[in-house]
Number of protein chains: 2
Amino acid sequence: MSKVILKDLAKALNVSISTVGRALSDSHEIGVETKKKVMQMAAEMGYNPNPYAGSLRSRKSKTIAIIVPELNNNFFIQAISGAESIAQEQDYHILIYVTNDIFEKEVSILNDLQNGRVDGVIMSLSATTTTFKHITDLIETGVNVVFFDRICHEIETAKIITDDFTSGFKATEHLIENKCKNIAFFAISDKLSIDNKRKQGYFEALTKYDLPIKNDIIANCIGNENDNFNTIKKILKTNKTIDGIFCTVEKLSLTTYHVCNELGIKIPNKIKIISFSNLTTAPLLNPSLTTITQPAFEMGMHAATLLFKHLSRKKSLIHNENIIMKSKLFIRESTTSQ
Amino acid sequence: MSKVILKDLAKALNVSISTVGRALSDSHEIGVETKKKVMQMAAEMGYNPNPYAGSLRSRKSKTIAIIVPELNNNFFIQAISGAESIAQEQDYHILIYVTNDIFEKEVSILNDLQNGRVDGVIMSLSATTTTFKHITDLIETGVNVVFFDRICHEIETAKIITDDFTSGFKATEHLIENKCKNIAFFAISDKLSIDNKRKQGYFEALTKYDLPIKNDIIANCIGNENDNFNTIKKILKTNKTIDGIFCTVEKLSLTTYHVCNELGIKIPNKIKIISFSNLTTAPLLNPSLTTITQPAFEMGMHAATLLFKHLSRKKSLIHNENIIMKSKLFIRESTTSQ
């Protein structure tokens, strides 16, 4: 069975296509009797209105986009699930986009969204994003944007974040309390809000405990897995006194585990490791990984709830605010003596 | 700046909205001079055509959907990435939908897609799906469907699968070669094509090596994590002679690890474990997990390539065929003596 379209209805009723279209969209230009006939024929022939025609009338796509830097990261998977649980309730569709941490891809995605494909956007910045015109341009077309986790301070809208400074401080303090004196810091970018806050917390803890800040054991690992492996390997080979490592993202802790395995460095005996992570296998790793875990699912829910509240109210701007949620420390074998 | 819409252009040009609309869609009913004026004004005022209007004209949404049972599974994440890499090349958007293995949700998603939102669908069935009318209904509206991994034999279209029978046989044989004689089999459903093929391979290997098939150590774990934990715990407590476990999906191997930890069962000394899995942390687990790994990224690429080839050719039906790709065995500590 091929799809029944407006043309088929018009032919069957011997009226123009625009009459059928206007009748179905309840236009005042069409009489009640004609509308009734069109509706009946549409029902009889199994006509299924194209949602995009409806979108044109209502100016609502009933779709939101969620833009994340990577899918191979449990934090983002859980955040998407949280947003999805709310979207489903609201009978909305979610378009999931992945930037792979590439600025140009982020720009291209946002430009594509300028033309009414979605009513709103929930996003977390790519690690290579340093300018924000593509985002302000999108907002100017009337699409609301809510940030989560990797936010842009410069843009006035709602931002769902976690207590990154405090968590960075606590992670470092936890290593210091477990006798670490030379703590390396591995992040993915010196451009990202989250990495910078976590680093400030790291600096603050070192200062509090009178430990020196050493730039040669602070690294940004923005490359692919192989590049990052080599960066971390070089640092661990050159700085034999490193006894603690703080990773700001999950994947760097896994790469660090692989490097330690290759170099025969025992965790936690020689080096203790703590990482921001929502990895479900963290308790099953060898050794189990101590993590700072963000409330990812709740952050996604919160971002979506805020966006929908706004969409239903038809206000033109979302209030500028930071909503700060708490991360949690899970102490496991990688930072404690066995 | 609010969005410039057709109405604004009509007002500025002092013509009707339908004139503007028809001029922009290059209708033969509108003169060349008028078209030129409308185009110029549209450019001046920064008018950005709604893609859905374009979709109505061309009857193409430039969007495909990928429907997966769960996101918290590296197999599906990698398959999505593979499909995404092809979609990007083709300048298509991907809608990602998650059924959470719930039949009703799958039905609801497919019904929503009947109205032209997407040009094609790549899907892997929910574990609770036993009837397929929602899928044939969608195909009848002209939307092409390509299956991957969890397929439906009854529907005539392309299906990207792996050599599940052979892999199931090899996984079981690998345990037998490592001296296992009482091998439990944990799947998520007796309805799924993949679970059944893998189970047939398991039966075949047991038969080849003259080992008995014991129904009380064969389980379907379709519940939530907690339910599955209890199911597996009960089996391991009741059947003390189990010395090998074959899990058909990644998450069951992790649950099995947790159960073994709680019961103090040593892997691989007391029980050896092999699992279908694309888990990136498999080599880092305690002990590292022996896996049968599917070419997930390639399967996603293949499914998308096939779908796009078809969409560009405007054929009405995709040829019925099974495309079988090979999985790979990665032997690690969980099945070998330490």
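Residues numbered from 1 in each chain as written. Chains lettered and ligands numbered in written order. Predicted model: local features only at pLDDT ≥ 70, side-chain atom pairs only at ≥ 80, totals over all residues. Heavy atoms only, no water.

*Asks:* What exactly am I supposed to notice about the overall build of chain A here?
*Replies:* On a plain count of helices and strands, chain A comes out with 12 helices and 12 strands. For 338 residues, the compact-globule estimate of 2.2 N^0.38 gives 20 Å, and the C-alpha radius of gyration of chain A, at 26 Å, exceeds that figure by more than 25%. Here the C-alpha coordinates of chain A stretch approximately 85 × 40 × 30 Å along the principal axes. When each of the 338 residues of chain A is scored for burial, the buried share is 57%. About 14,900 Å² of surface is accessible on chain A, with carbon and sulfur atoms providing 50% of the total. For chain A, the separation between the mean place of its 40 positive charges and that of its 36 negative charges on side chains is 1 Å. (Helix = DSSP H or I, 4+ residues; strand = E, 2+ residues; numbered from the N terminus. Rg over C-alpha atoms; globule rule 2.2 N^0.38 Å. Buried < 20%, exposed > 50% of the residue type's maximum accessible area, 1.4 Å probe, protein only. Areas by Shrake-Rupley, 256 points an atom, 1.4 Å probe, with all protein chains shown as cover. Lys, Arg positive; Asp, Glu negative; His and termini not counted. Charge placed at Lys NZ, Arg CZ, Asp CG, Glu CD.)

*Asks:* How do you make sense of the sheet that holds strand 3 (residues 120-123) of chain B when you look at a structure like this?
*Replies:* Hydrogen bonding along the main chain pairs the strands of a sheet, whether they run parallel or antiparallel. All names here are of chain B. The strand order 2-1-3-4-5-11 describes an open sheet built from six strands, whose pairing is parallel. Each end of this open sheet is capped by a strand with a single partner; those strands are strand 2 (93-98) and strand 11 (321-325). Averaged over all pairs of adjacent strands, the angle between strand axes in this sheet comes to 20 degrees, irrespective of strand direction. One ladder, built from two bridges, connects strand 4 (residues 144-148) with strand 5 (residues 158-162); its direction is parallel. (Pairing = 2+ DSSP bridges. Axes fitted to C-alpha atoms, helices over the stretch in contact; angles between N-to-C directions.)

*Asks:* Explanation requested: the pattern of salt bridges in the structure shown.
*Replies:* For side chains of opposite charge, pairing can occur when their charged atoms come near one another. Residues and elements named next belong to chain A. Per the counting criterion, the structure on display carries 18 salt bridges over all chains. Asp164 serves as the salt-bridge partner of Arg198, at 2.9 Å between the closest nitrogen and oxygen. Of the two residues, Arg198 is situated in helix 9 (residues 193-208) and Asp164 in helix 8 (residues 164-177); the sequence distance between them amounts to 34 residues. Just as Arg198 is buried, Asp164 falls in that class too. Salt bridges here are not isolated pairs; linked through shared partners, they connect Asp149, Asp164 and Arg198. (Salt bridge = Lys/Arg side-chain N within 4 Å of Asp/Glu carboxyl O.)

*Asks:* So what exactly am I meant to see when it comes to the nonpolar core here?
*Replies:* Most often, soluble globular proteins keep nonpolar side chains buried together rather than apart. Counting residues in each nonpolar core, the largest one holds 104 residues, and the members touching the most others are A:Val121 and B:Val121. In contact with B:Val121, other than residues within four places in its own chain, are B:Ala65, B:Ile67, B:Leu113, B:Leu138, B:Val143, B:Asn144, B:Val145, B:Val146 and B:Leu307. Among the nonpolar cores identified, the runner-up in size contains 64 residues, and A:Ile96, A:Met325, B:Ala303 and B:Ile318 belong to it. (Core = buried A, V, L, I, M, F, W, Y, C linked by side-chain atoms within 4.5 Å. Contact = heavy atoms within 4.5 Å.)

*Asks:* Got a minute to help me understand the environment of B:Lys199 in this structure?
*Replies:* Residues and elements named next belong to chain B. Relative to the elements of secondary structure, Lys199 occurs in helix 9 (residues 193-208). Classification of Lys199 by relative accessible area gives buried; the value is 16%. Those residues in contact with Lys199 that lie beyond four places of it in its chain are Phe185, Asp190 and Ile218.

*Asks:* Just to check I follow, could you spell out the packing of aromatic side chains for this structure?
*Replies:* Each aromatic ring pair is described using two quantities: the centre-to-centre distance and the angle formed by the ring planes. Residue and element names in this part refer to chain A. All told, the structure shown has 16 aromatic pairs over all chains when counted by the stated rule. Through a chain of ring-to-ring contacts, three or more aromatic side chains come together here, namely Phe185, Tyr202, Phe203, Phe246 and Phe276. Against the face of Phe276 rests Arg198, its NZ or CZ located 3.6 Å from the ring centre. (Phe/Tyr/Trp six-rings, centres within 6.5 Å; stacked < 30°, edge-to-face > 60°. Lys NZ or Arg CZ within 6 Å of the ring centre and 35° of its normal.)

*Asks:* Would you mind showing me how to read the packing of helix 6 (residues 103-112) of chain A against helix 7 (residues 133-140) of chain A here?
*Replies:* Relative orientation and spacing of two packed helices are given, respectively, by the angle between their axes and the distance between those axes. Residues and elements named next belong to chain A. Where helix 6 meets helix 7, the closest approach of the two axes is 9 Å, and the angle between their N-to-C directions is 10 degrees. Regarding the angle of helix 6 to helix 7, the classification is roughly parallel. Two secondary-structure elements touch here, helix 6 through Phe103, Glu106, Val107, Leu110 and Asn111 and helix 7 through His134, Ile135 and Leu138. Taken together, the residues of the contact of helix 6 with helix 7 sort by class into five nonpolar, two polar and one charged. (Parallel < 35°, antiparallel > 145°, perpendicular 65-115°, else oblique. Nonpolar A, V, L, I, M, F, W, Y, C, P; charged D, E, K, R; others polar.)

*Asks:* I tried to follow the sheet that holds strand 11 (residues 321-325) of chain A on my own but got confused; where do I start?
*Replies:* All names here are of chain A. Here six strands make up an open sheet; going across it, the order is 2-1-3-4-5-11 and the pairing parallel. The sheet is open, and its two borders are formed by strand 2 (93-98) and strand 11, each paired with just one other strand. Strand-to-strand twist in this sheet, taken as the mean axis angle between neighbours without regard to direction, amounts to 20 degrees. Sheet topology places strand 5 (residues 158-162) next to strand 11; five bridges connect them, and they run parallel. Across the sheet, Ile160 pairs through a bridge with Ile323, a residue of strand 11.

*Asks:* Whenever I open this one, the pairing of strand 6 (residues 183-187) of chain B confuses me. Can you help?
*Replies:* In summary, the side chains of a regular strand alternate between the two faces of the sheet. Residue and element names in this part refer to chain B. Across the five residues that make up strand 6, a large majority, five, are buried. Burial along strand 6 is two-sided: Ile183, Phe185 and Ala187 and Ala184 and Phe186, pointing in opposite directions, are all buried. Sheet analysis places strand 6 next to strand 8 (residues 244-247), joined by four bridges and oriented parallel. Bridge assignment links Ile183 to a residue of strand 8, and that residue is Gly244. Both strand 6 and strand 7 (residues 218-220) contribute to a ladder of three bridges, which runs parallel. Within strand 7, the position partnered with Ala187 by the bridge is Asn220. After leaving strand 6, the chain enters helix 9 and then returns to the sheet as strand 7, a path that is right-handed. (Right-handed = clockwise from strand over helix to strand, strands pointing away.)

*Asks:* I'm lost on the pairing of strand 2 of chain A in this one. Help?
*Replies:* Residues and elements named next belong to chain A. For strand 2, a buried count of six out of six residues is recorded, marking the element as mostly surrounded by other parts of the structure. Taking every second residue as pointing to the same face, both faces of strand 2 are buried, with His93, Leu95 and Tyr97 on one and Ile94, Ile96 and Val98 on the other. Pairing geometry for strand 1 (residues 63-68) and strand 2, over six bridges, is parallel. Looking across to strand 2, one finds that Ile66 is bridged to Ile96. In this fold, the crossover linking strand 1 to strand 2 by way of helix 5 (residues 74-89) has right-handed handedness.

Purely geometric stuff here, so don't read any function into it on its own.
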